[in-house]
Amino acid sequence: MAIYISAYKNRPAITVESSGLKGIFLPEDGGKLASLVTPSGRELLVQNPGAEYAVLTPTGSYADAECSGFDDMFPTIDPYTPQEGPYAGVTYPDHGEACRYPMQAEITDSSVILHGKSRLFAVTYDKAITPEQDGSISVRYTFTNHSAEPFLYLWAAHCLLKGTPDGVVTSPY
């Protein structure tokens, strides 16, 4: 098991390795899981073939950016502009805001914690990544509302799996 600073294309990255998986995370790009590789070298996530990473800007089009790997969609998936409440008139971006902002990385002996702060809302977002003894990599999220007003949100996994003709996806859920 290992955690170390690395690179993905032209972007700073943090690699997290367990005995069964190697994940490459991009702190400056919303903590995106850019690559997930098995010990045999098989890439499990869709990769954009370009040599340069197509950065998703705060107001940019998700489809025109890297559009690969595994992004976190938070606080929404589709654009949404509430008509009332504390964020009336503020448009939640397409595919959410979390995948658009840089996160601060805290690396310990056993995990990586990525800290993000919304530019639009009184919300922070933490993503704890840990290589596990069973060969997996766990990811745990904490969303904190720093306002007295309720914050309505949706979190979704935007995971682009690299399929194979005989591939099967199973889930315990």
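For the structure, see preceding data.
Note that the structure is a prediction, hence the values are computed from the model and not measured. (Residues numbered from 1 in each chain as written. Predicted model: local features only at pLDDT ≥ 70, side-chain atom pairs only at ≥ 80, totals over all residues. Heavy atoms only, no water.)

This paragraph deals with the side chain of threonine 15. Tracing the sequence through the fold places threonine 15 in strand β2 (residues 11–17). Within the structure, threonine 15 has its side chain in polar contact with the side chain of serine 6 (distance 2.6 Å). What threonine 15 contacts, discounting residues up to four positions off in sequence, is Ala2, Ile3, Tyr4, Ser6, Lys22, Gly23 and Ile24. (Helix = DSSP H or I, 4+ residues; strand = E, 2+ residues; numbered from the N terminus. Polar contact = N/O pair within 3.5 Å; in protein donor to acceptor, adjacent residues only side chain to side chain. Contact = heavy atoms within 4.5 Å.)

Using the criterion set out here, one finds one cavity of 30 Å³ or more in the structure. Lining the largest cavity are Asp29, Lys32, Tyr53, Ala54, Leu56, Tyr62, Ala65, Glu66, Cys67, Asp71 and Cys99. Classifying every residue of the lining of the largest cavity gives seven nonpolar, no polar and four charged. (1 Å grid on protein atoms, 1.4 Å probe; cavity = no way out; pocket = protein on both sides within 12 Å on 5 of 7 lines; lining within 4 Å. Points joined across faces, edges and corners; volume = space filled by probe spheres on them. Nonpolar A, V, L, I, M, F, W, Y, C, P; charged D, E, K, R; others polar.)

Moving on, we come to the pattern of salt bridges. As enumerated under the stated definition, the model contains six salt bridges in all. The residue aspartate 71 makes a salt bridge to lysine 32 at a minimum N-O spacing of 2.9 Å. Pair noted here: aspartate 71 is in strand β5 (residues 70–73) and lysine 32 is in strand β4 (residues 32–37), with a separation of 39 residues, a long-range link. Each member of the pair, aspartate 71 as well as lysine 32, carries the same accessibility label: buried. (Salt bridge = Lys/Arg side-chain N within 4 Å of Asp/Glu carboxyl O. Buried < 20%, exposed > 50% of the residue type's maximum accessible area, 1.4 Å probe, protein only.)

Moving on: the environment of alanine 54. With respect to the helices and strands, alanine 54 occurs in the loop between β4 and β5. In this structure alanine 54 comes out as partly exposed when scored by relative accessible area, which is 25%. In this structure the C-alpha to C-alpha distance between alanine 54 and serine 68, which are 14 residues apart in sequence, comes to 10.0 Å. Once residues lying within four places of it in the same chain are set aside, the contact partners of alanine 54 are Asp64, Ala65 and Glu66.

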